[in-house]
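If you want the building blocks of each chain, they are given just below.
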Amino acid sequence: MNDSPERRGARYVLYWAQMNRRADSNHSLEFAVSHANRLKLPVLVYEAVTCTYPFASDRFHTFLLAGVPETARRLRERGIGYVFYLRKRRSDANDIPYRLAAESALVVTDDYPVFIPAAHNASVPAKIGVPYFAVDSSCIVPMRSFEKKEYAAYTIRPKIHRVLGEFLRPVEQVVAKHAWNGPPPGIHLEVTKEAIPDLVASCEIDHSVRPSMAFTGGRLAAEARLRAFLGRDLARYGADKNDPGAHATSNLSPWLHFGHISPLEVALAAKARGPAPEFLEELIVRRELAFNHALWAPRADELSAIPGWALDTLYKHAGDRREHVYSLEQFEAAQTHDPLWNACQHELLMTGKIHGYYRMYWGKKIIEWSSDPESALAVMIHLNDKYALDGRDPNTYTNILWCFGLHDRPWGEREVFGMVRFMSFDGMKRKTSVDSYLREISFMRMTGTLPPGVEKH
DNA sequence: ATCGGCTCGCGCAA
DNA sequence: TGCGCGAAGCCGAT
């Protein structure tokens, strides 16, 4: 991403793991190892957690830190160096990548279309002084192989399937020929599972957003969740995926978001169990449509990216009378008149995730009960960025804008929504087990534990 | 329980 | 230029 020459006399090749925080199934890491072998150097992996991004909280920090011990262990086994930096306070150093790059032949990092990595990858290459490579290890078919903003799933689907055979192959692990010897750089923090609560407490972040009740970060938890999904739920995924009460979905999105597991290895593992077209449709086609949106939209989280018919019809109805209008504070506290909506919000507050189908309902109702489309979007992004473990991700921004008509088509005109698809409580009642979902959520609220039959990973 | 209409526009066939 | 059909639906008629 720049024209800088490789540094002579460097000590290592640096891989800055911004999004793909894992030692396995990681094209970025293998690319770094290949270059290190060519240069007869070891690889150093740099991973950081900072307190400075909006809504940094105990929830995200706990999840991220939980992944560190296993990443460290697996890299050590491969002879790859690892430095983990916890920026606890705003006053702590924020120039670590530059300091590490000063002794590196070149820098490899993750290509990612939103959030902090997008900003880094736009500004750092010009200032870093060595070659800077951003590798796409987030998508199975690289996101930049599609040359325009796709209109909907049906336009990207055939393009993905045409080349999928070429990309749906395991990442080949490259043996690191020159092992990292000696201690990590001085800024390194050794993380143990037991130390995580105290480390999180010592950070300058929002301590009021508690760790997830349902999800533990890290490679081991992700692999356990994947095994449970494949063994028990994949076979009925197609039939039950839209019924939250059926617990048929993978729930892998938090680990996918933080890169603790790769979509490629998940897809290969699912395929190895037999045909899984519905799951692969969600995991590959719709997920990568979301990356396409994030890559090509001027901003992934603004209404300007929705199609013209949707923007026109929403604004035509912006002045329509609303039966209920709630403030951000009322939404956040789950204080609407609708028990299903409130339960969805409580699930988000407690676990950091809402089932995909109910998340659509959750979003549609925020549009219905906000004074105008812009403030509805602001509420959704605030709640999602603050509480969702899979938030600040191309997927969640796309899921949110889908509620406003992105990647969708027009339907019969009605109040508030215009021609944008409407969803109703009666529809949820008819198609999903609302009652058992409501019982599960109130059990969680009463006991502070997951309902019987739902395991924590 | 099932079906058609609602309404726009992309992409392919002709 | 015509035509089929599409990210998760709703509603009223039958």
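Given the structure is predicted, the values throughout are model-derived calculations rather than measurements.

1. Observations concerning the domain arrangement of chain A
Right, so step 1: If you check the domain split of chain A, you get domain 1 (1-137), domain 2 (138-172 + 218-296) and domain 3 (300-445).
Right, so step 2: Measuring from the centre of the C-alpha atoms in domain 2 to the corresponding centre in domain 3 gives 23 Å.
Right, so step 3: Between domain 2 and domain 3, the residue contacts involve 23 residues of the former and 24 residues of the latter.
Right, so step 4: Note on domain 2 versus domain 3: buried area summed over both sides is about 2000 Å², and carbon and sulfur give 59% of it.
Right, so step 5: For domain 2, the biggest contributors to the area lost against domain 3 are Pro244, His257 and His293; these three give 30% of the whole.
Right, so step 6: Taken together, the connections running from domain 2 to domain 3 amount to eight residue pairs in polar contact (both at pLDDT 80 or more).
Right, so step 7: Within the residue set of the side of domain 2 that touches domain 3, elements represented by two or more residues are helix H11 (253-258) and helix H13 (277-296).
Right, so step 8: The leading source of residues in the side of domain 2 that touches domain 3 is H13, at seven residues.
Right, so step 9: Here the side of domain 2 that touches domain 3 is composed, by residue class, of nine nonpolar, eight polar and six charged.

2. A look at the pattern of salt bridges
Right, so step 1: Taken as a whole and judged by the stated rule, the model has 33 salt bridges.
Right, so step 2: The partner of Glu77 in a salt bridge is Arg73, with the nearest N and O atoms 2.6 Å apart. Pair noted here: Glu77 and Arg73 are both in helix H3 (residues 68-77), with a separation of four residues, about one helical turn.
Right, so step 3: Taking the relative accessible area as the measure of exposure, Arg73 reaches 35% and is therefore partly exposed.
Right, so step 4: A salt bridge links Arg225 to Glu455, with the nearest nitrogen and oxygen atoms 3.6 Å apart. One end of the pair, Arg225, is in helix H9 (residues 219-233); the other, Glu455, is in the segment after helix H21 (434-447), with 230 residues separating them in the sequence.
Right, so step 5: For Glu455, a relative accessible area of 30% gives the class partly exposed.

3. Some thoughts on the protein's contact with DNA strand B
Right, so step 1: Close to DNA strand B lie Lys148, Tyr151, Tyr154, Thr155, Trp309, Pro410, Trp411, Gly412 and Met419.
Right, so step 2: At the protein interface, 72% of the atoms of DNA strand B within 4 Å belong to sugar or phosphate.
Right, so step 3: Take Lys148: an N or O atom from its side chain is 3.2 Å from a phosphate oxygen of DNA strand B.
Right, so step 4: Taking Gly412, its main chain carries an N or O atom lying 3.3 Å from a base oxygen of DNA strand B.
Right, so step 5: Each residue belonging to the surface near DNA strand B can be placed in one class, and the counts come to six nonpolar, two polar and one charged.

The rules behind these values
Residues numbered from 1 in each chain as written. Chains lettered and ligands numbered in written order. Predicted model: local features only at pLDDT ≥ 70, side-chain atom pairs only at ≥ 80, totals over all residues. Heavy atoms only, no water. Domains from an automatic or database assignment. Contact = heavy atoms within 4.5 Å. Buried area = accessible area lost by both parts, 1.4 Å probe. Polar contact = N/O pair within 3.5 Å; in protein donor to acceptor, adjacent residues only side chain to side chain. Helix = DSSP H or I, 4+ residues; strand = E, 2+ residues; numbered from the N terminus. Nonpolar A, V, L, I, M, F, W, Y, C, P; charged D, E, K, R; others polar. Salt bridge = Lys/Arg side-chain N within 4 Å of Asp/Glu carboxyl O. Buried < 20%, exposed > 50% of the residue type's maximum accessible area, 1.4 Å probe, protein only. Near = heavy atom within 4 Å.

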